[in-house]
Amino acid sequence: MANEFEPPRRKARRGDVKRIAFFAAKLLVTGACFWYASRQIDLSQIGSAIPRLDFRWAAFATLLVTLQIPLLGARWCNVVEALAVRNAQMSSVTMIVLTAIGVFFAQVLPSLTGEGVRAWLLVRLGCDWRNALTSVVVDRGIGLGLLVAMGFFILLLPSSLTALGGYRDLAIVVYGAMILAGGLGLIFVPTIVPPLTRWRYSRWFGTLAMDVRSVLLGSRGPTILGIAGLIHVLTVIVVWSLGRAQGLAFPFSDAAVLLLVLVGVTLVPISIGGWGLRELAVVALLGNHGVPPDKALLFSVCFGLTLAVGSLPGAVGWLVYSFGPTRPSTHQGR
């Protein structure tokens, strides 16, 4: 009962302290991972390998990362349109700029910060908070869901990396179970949702499930899935190109497996943007296939830096673009 009568300012301070402590813990994990990696690797070898990088391939990979931003914006724009919450201010160009800003913040801060920034900017364009958050969650969920579906088939490819240190069969079972659960969920959403909407604490999840179903099975579903698939294919090419930059001749099947590891580790929310954890995972995976630890570490760091440099248009958008606050549109269909 005491918490209910706690002054709002004290509650806000408590929330700030928790967020700072959570960020500090993630930073500590990231630092510990890099410290552990540095003890296993001769850092002087990494320094000597940097001048031998083929920066033309690295520049090509960075260009592809930048070109993904308009595709991410187009996917989100179609999601907002499918949810019937788009207004006149949410033009395609504006949605791409918002996406670029979100991608930039996701690189320099914990990844969820980027999604929060996207939702906040959409609210400033006249969307209400519930629909803004729903659009971001649906957009991100579709991207991750399609990656899981692609991952299932990637693990069936004849790649030297698909063994995953002996965990390949387990990974296939987990991915298959997730695909089955997602498919059954879409089918039975009309049956599952009514009980959820009766309880205040689960009502939003029930509404979200209906929104996901309406987006995926609506007229814009194929376009959204097609854009999401193209984004993942471009990311595989990014991984392949960075391998070429280091003289690591990965076939596309190996690059696709590496993508699963790079993205999967990043989703574990215990480090800053996956840094540190990603490096340990890549060193372990590539080390089992004869790649020296210093080259594997350099590859992973180059991937992270490529994402960071490719997101810089979002910083420019944040500095020069004006998002004036507006009243929620009365013409929204929700």
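Being a predicted model, the structure only gives us computed values, none of them experimental.

Student: What's the story with helix α9 (residues 221-245) in this structure? I'm lost.
Tutor: Think of an α-helix as 3.6 residues a turn; residues three or four steps apart then line up on the same face. Taking 1.5 Å per residue as the helical rise, α9 with its 25 residues ought to reach 36 Å, and the 36 Å between its terminal C-alpha atoms agrees with that figure. Following α9 by one or two positions, G247 adopts a phi angle in the positive range, close to 80°.

Student: Explain the side chain of T62 here, please?
Tutor: The topology assignment puts T62 in helix α3 (residues 55-82). Take T62: its relative accessible area is 18%, and that puts it in the buried class. Apart from residues no more than four positions distant in its own chain, T62 is found in contact with T306, V309 and G310.

Student: What is the right way to look at the nonpolar core in this model?
Tutor: Across soluble globular proteins, you tend to see nonpolar side chains buried next to one another. Of all hydrophobic cores here, the largest spans 47 residues; its most connected members are V238, V239, L258, L286 and F299. Among the elements of the structure, α2 (43-49), α3, α6 (129-154), α7 (168-197), α9, α10 (252-266), α11 (277-287) and α12 (293-310) are those that each provide at least two residues to this core. The greatest single-element share of this core, amounting to nine residues, is contributed by α10. Beyond its immediate stretch of four places on either side in the chain, V239 contacts A255, L258, L262, F299 and F303.

Student: Just to check I follow, could you spell out unusual backbone geometry for this structure?
Tutor: Leave glycine aside and you will find that most residues have negative phi; peptide bonds, for their part, are mostly trans. Positive phi, normally seen in glycine, also occurs at A84, with a value near 60°. With respect to the secondary-structure elements, A84 resides in the loop between α3 and α4 (92-108). Here A84 falls in the partly exposed class, since its relative accessible area comes to 38%.

Student: Would you mind going over the packing of aromatic side chains with me for this structure?
Tutor: For any pair of aromatic rings, geometry is given as the distance between the ring centres together with the angle between the planes. The full count for this structure, using the stated rule, is nine aromatic pairs. Centre to centre, the rings of F152 and F153 are 5.4 Å apart; their planes meet at 90°, and the pair counts as edge-to-face. Residue class for F153 comes out exposed when judged on its relative accessible area of 54%. Here the aromatic rings of W240 and F252 are separated by 5.0 Å at their centres, their planes lie at 15°, and the arrangement is stacked. Of this pair, W240 sits in helix α9 while F252 sits in helix α10, placing them 12 residues apart in sequence. Classification of W240 as buried rests on a relative accessible area of 18%. For F252, a relative accessible area of 44% translates into the label partly exposed. Three or more aromatic residues link up through ring pairs in this structure, and these residues are W57, F60, W240 and F252.

Student: What am I meant to see in a nonpolar patch on the surface here?
Tutor: Nonpolar side chains collect at one region of the surface, where V93, W120, W129, L133, V137, W204, F205, V316, W318, L319, V320 and Y321 lie side by side and expose about 1,200 Å² of accessible area between them. Among the elements of the structure, α6, α8 (203-217) and α13 (312-320) are those that each provide at least two residues to the nonpolar patch. If you tally residues by element for the nonpolar patch, the top one is α13, at four residues. Note on W129: relative accessible area 44%, which makes it partly exposed.

Student: How do you make sense of the pattern of salt bridges when you look at a structure like this?
Tutor: A pair can form between side chains of opposite charge whenever their charged atoms are brought close. Under the criterion given, the structure shown has seven salt bridges. Linking R56 and D54 is a salt bridge whose minimum nitrogen-to-oxygen distance equals 3.1 Å. Across the pair E81 and R86 runs a salt bridge whose closest N-O atoms are separated by 3.4 Å. Using a relative accessible area of 30% as the deciding quantity, one classes R86 as partly exposed.

Rules behind the numbers
Residues numbered from 1 in each chain as written. Predicted model: local features only at pLDDT ≥ 70, side-chain atom pairs only at ≥ 80, totals over all residues. Heavy atoms only, no water. Helix = DSSP H or I, 4+ residues; strand = E, 2+ residues; numbered from the N terminus. Expected span 1.5 Å × (residues − 1). Buried < 20%, exposed > 50% of the residue type's maximum accessible area, 1.4 Å probe, protein only. Contact = heavy atoms within 4.5 Å. Core = buried A, V, L, I, M, F, W, Y, C linked by side-chain atoms within 4.5 Å. Phe/Tyr/Trp six-rings, centres within 6.5 Å; stacked < 30°, edge-to-face > 60°. Patch = residues over 30% accessible without salt bridge, like charges linked within 9 Å, V, L, I, M, F, W, Y side chains within 5 Å. Areas by Shrake-Rupley, 256 points an atom, 1.4 Å probe, with all protein chains shown as cover. Salt bridge = Lys/Arg side-chain N within 4 Å of Asp/Glu carboxyl O.

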